[in-house]
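# Examination of the molecular architecture
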Amino acid sequence: STAALAPQICVVGSGPAGFYTAQHLLKHHRLARVDIYEKLPVPFGLVRFGVAPDHPEVKNVINTFTQTAHSDRCAYYGNVTIGKDVMVKELQRAYHAVVLSYGAEDNRILGIPGENLSGVYSARAFVGWYNGLPENRDLKPDLSSETAVVLGQGNVALDVARVLLSPLDILRKTDITEGSLAAIACSKVKRVWLVGRRGPLQVAFTIKELREMINLPGTRPLLDPADFTGLGDVIKDIPRPRKRLTELMIKSAREKPGEKEAALWASATKEWGLKFQRSPLEVLPATDGKQARGIRMAVTRLEGSGESARAVPTGEVEELECGLILSSIGYRSLPLDSSIPFDPKLGIIPNSLGRVQGAPGLYCSGWVKRGPTGVIITTMNDSFDTAQSVLEDLQTGVLNLSNSKEGFKSVRSILHSRGVHPVTFSDWEKIDAAEVARGKLAGKPREKIVDPQEMLQLISH
Ligand code: FAD
């Protein structure tokens, strides 16, 4: 029968990787059914909880994801943690193919003394806090000092700096949570240093984010012209995106600003800067032994050039006073359970084209497949590749459809027996509508509900 030939597939995680994998499978297989499991009640992963609140255009991908979820061959089950509520082995019994797309839920640590002093946070937690990620909603970051240091020079580092320095009038109109907006309104932070171990040619942010910083109302850039000496010649032969990015840094650091810019910068009350070739050695404690008061850094020199240049300590050391330190040195995936292959060094599930090594029927996509770098488009492409591998394996018979699989029907009874109540996509649409209605009162696109219990009550779970 047709039903017996319909592939039952599930995806673990409802970020871009989960949704793009589902989209490709549904589009290219007329019969495939795809169920999406998500740990949180609400969908969309880092599109909701990572992307900066002042970048609403980036979140338009949610419209495409919503279309996918509305397919009558797709279902969303939120509030279900795979590895805890349901095991991967159980999913494998219920589905012909299981795709792991659960992202990177931890962060890399600095591994230096003082890292746990108060006033030191991971950028991941800070981002989660201002974006209403339930686990970070009570972070209460200490914003009482004038100088903040962000360790790292990627897009996330710039997001964090921008949110710390943005005029309230800009933030107020975004979907930043009301709790974090209130805290930022009382913030004393006036200066943000973005610290990198290497030089201007190795920064990991893009020109769009840099331009936004340079034009951020009420702030001025602090760029040391000496950092850019001689770079004009070096960049002649490098790829165009990095060339343009470096040119913008050189221009901002070395050229006299235009009249308009000069006036803006002169009246600015806040500032931000890039500090290059500094490697963090220790977070320094205040006299109480608990609070951070600064950071000690090794001055480095570069060995090699371009992307592969290495930072080597020169022996010189520098201290910088600051009461707020945000480490933005990368996210990190974790193994889901011990039965699934995992490469702890690379922090990914070992795979070829999304096929998990040594585990037929198991696939992966997104950050857990490639590592935690790349924008949504990168994640989209690699998710399409993984979906393609699944489709090929269906076609070649590697995935045997004559074993009929029950899909959600059998997972439903497992969840029921464990007292877990999944949140459906139409449940999410109720939460969504409530958030949008609350936001409207405050003149913002939405007011996120940050307490999962409140979300569940709203849909009377
Ligand atoms: P995620 O988006 O993290 O999705 C993983 C999902 O899996 C989450 O919903 C998680 O809750 C769920 N999950 C985890 N564990 C389980 C489990 N055990 N069971 C069930 N579900 C689980 N890209 C851009 O293009 N533009 C931007 O402006 C931009 N800004 C960013 C800002 C930040 C701070 C960060 C960190 C990233 C940003 N990115 C941006 C990159 C983009 O977010 C990623 O490329 C993309 O989200 C990765 O998709 P993913 O699905 O692999 O992971």
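No experiment lies behind these values; they were computed from the predicted model shown.

## With respect to the overall build of the chain
- A tally of regular secondary structure across the chain gives 18 helices and 18 strands.
- What you see for the chain is a C-alpha radius of gyration of 24 Å, in line with the 23 Å of a compact globule of 461 residues.
- Overall, the C-alpha framework of the chain stretches about 75 × 50 × 45 Å when taken along its three principal axes.
- Here the chain holds 461 residues, and 53% of them are scored as buried.

## Topic: the site of the ligand
- Neighbouring the ligand are 33 residues, the closest being Ala17, Glu38, Leu46, Trp367 and Ile376.
- Side-chain polar atom of Glu38 to an oxygen atom of the ligand: 2.6 Å apart, as the coordinates give it.
- Between the ligand and Trp367 there is a distance of 2.9 Å, counted from an oxygen atom to a backbone nitrogen or oxygen.
- A total of 1,000 Å² of accessible area belongs to the ligand in isolation, and the protein chains cover 93% of it.
- Taken together, the residues of the shell around the ligand sort by class into 18 nonpolar, 11 polar and four charged.
- Taken domain by domain, the makeup of the shell around the ligand includes at least three residues from each of domain 1 (2–105 + 333–423) and domain 2 (108–330).

## Overview of the sheet that holds strand S7 (residues 147–151)
- With respect to topology, six strands assemble into an open sheet ordered S6-S14-S7-S8-S10-S9, the strand pairing being parallel. Two strands lie at the open edges of the sheet, namely strand S6 (120–122) and strand S9 (219–222), each paired on one side alone. Each strand of the sheet is rotated relative to its neighbour by a mean of 20 degrees, with strand direction disregarded.
- Sheet topology note: the S6/strand S14 (residues 324–327) ladder contains three bridges and is parallel. Paired with Ser122 across the two strands is Ser327, which belongs to S14.

## Brief notes about the nonpolar core
- Val160, Leu164, Met249 and Trp272 are the most contacted members of the largest nonpolar core, which totals 49 residues.
- The element best represented in this core is helix H7 (residues 155–165), accounting for seven residues.
- The next biggest cluster of nonpolar side chains, apart from the first, holds 41 residues, and it includes Leu26, Ile376, Phe425 and Met455.

## Quick word on unusual backbone geometry
- Non-glycine residue Asn79 carries a positive phi angle of around 70 degrees.
- Tracing the backbone through its elements, the reader meets Asn79 in the loop between strand S3 (74–77) and helix H5 (88–94).
- Of note in this structure, Lys140 is not a glycine but carries a positive phi near 45 degrees.

## Overview of the pattern of salt bridges
- Inspection of the entire model under this criterion finds 35 salt bridges.
- Between Arg124 and Glu135 there is a salt bridge, and its shortest N-O distance comes to 3.7 Å. Separated by 11 residues along the polypeptide, Arg124 in helix H6 (residues 123–130) and Glu135 in the loop between H6 and S7 bring together distant segments of the chain.
- By relative accessible area, Glu135 is classed as exposed at 51%.

## Brief notes about the pairing of S7
- Counting buried positions along S7 gives five out of five residues, so the element sits mostly inside the fold.
- As paired strands, S7 and strand S8 (residues 191–195) are joined by five bridges and run parallel to one another. Counterpart to Val149 in the pairing with S8 is Trp193.

## Side note on the sheet that holds strand S13 (residues 310–321)
- Ordered by their spatial adjacency, three strands build an open sheet running S11-S12-S13, and the pairing between neighbours is antiparallel. In this open sheet, the two strands that pair with only one neighbour each are strand S11 (278–285) and S13. The average angle at which neighbouring strand axes cross in this sheet is 20 degrees, direction not considered.
- Note: S11 against strand S12 (residues 292–303), seven bridges, orientation antiparallel. The residue of S12 that forms the bridge with Arg278 is Val299.

## Section: the packing of helix H2 (residues 16–28) against helix H15 (residues 376–396)
- Two elements in contact, H2 and H15, have axes separated by 8 Å at closest approach and are oriented at 45 degrees. In terms of orientation, H2 lies oblique with respect to H15. Here H2 and H15 pass one another in a crossing that is right-handed. Mapping the contact onto sequence places Pro16, Ala17, Tyr20, Thr21, Gln23, His24, Leu25 and His28 in H2 and Ile376, Thr379, Met380, Ser383, Phe384, Ala387, Gln388, Val390 and Leu391 in H15.
- In the contact of H2 with H15, the residues fall into 10 nonpolar, seven polar and no charged.

## Overview of the domain arrangement of the chain
- Looking at the chain, the domain boundaries give domain 1 (2–105 + 333–423) and domain 2 (108–330).
- For domain 1 and domain 2, the distance between their C-alpha centroids amounts to 34 Å.
- Taken together, the contact between domain 1 and domain 2 spans 12 residues of the former and 17 residues of the latter.
- Across the domain 1/domain 2 interface, buried area totals approximately 1,200 Å², and carbon plus sulfur atoms make up 53% of it.

## Let's talk about the packing of H7 against helix H10 (residues 207–214)
- In contact at an axis separation of 10 Å, H7 and H10 are set at 20 degrees when each is read in the N-to-C sense. As summarised for this structure, H7 and H10 are arranged roughly parallel, according to the angle between their axes. Between H7 and H10 lies a crossing of left-handed hand. Taking contact as the criterion, the partners of Asn155, Leu158, Ala161, Arg162 and Leu165 in H7 are, on H10, Glu209, Leu210, Glu212 and Met213.
- For the contact of H7 with H10, the per-class residue count stands at five nonpolar, one polar and three charged.

## Focus on the packing of aromatic side chains
- Evaluation of the coordinates by the stated rule reveals 15 aromatic pairs.
- Ring centres of Phe44 and Trp428 lie 5.7 Å apart, and the angle between their planes is 85 degrees; on these two criteria the pair is classed as edge-to-face. Of this pair, Phe44 sits in the loop between strand S2 (33–37) and helix H3 (46–49) while Trp428 sits in helix H17 (residues 425–441), and the two are 384 residues apart along the sequence. Each member of the pair Phe44 and Trp428 is classed as buried.

Scoring rules and cut-offs
Residues numbered from 1 in each chain as written. Predicted model: local features only at pLDDT ≥ 70, side-chain atom pairs only at ≥ 80, totals over all residues. Heavy atoms only, no water. Helix = DSSP H or I, 4+ residues; strand = E, 2+ residues; numbered from the N terminus. Rg over C-alpha atoms; globule rule 2.2 N^0.38 Å. Buried < 20%, exposed > 50% of the residue type's maximum accessible area, 1.4 Å probe, protein only. Near = heavy atom within 4 Å. Polar contact = N/O pair within 3.5 Å; in protein donor to acceptor, adjacent residues only side chain to side chain. Areas by Shrake-Rupley, 256 points an atom, 1.4 Å probe, with all protein chains shown as cover. Nonpolar A, V, L, I, M, F, W, Y, C, P; charged D, E, K, R; others polar. Domains from an automatic or database assignment. Pairing = 2+ DSSP bridges. Axes fitted to C-alpha atoms, helices over the stretch in contact; angles between N-to-C directions. Core = buried A, V, L, I, M, F, W, Y, C linked by side-chain atoms within 4.5 Å. Salt bridge = Lys/Arg side-chain N within 4 Å of Asp/Glu carboxyl O. Parallel < 35°, antiparallel > 145°, perpendicular 65-115°, else oblique. Left-handed = near helix turned anticlockwise from the far one by under 90°. Contact = heavy atoms within 4.5 Å. Buried area = accessible area lost by both parts, 1.4 Å probe. Phe/Tyr/Trp six-rings, centres within 6.5 Å; stacked < 30°, edge-to-face > 60°.

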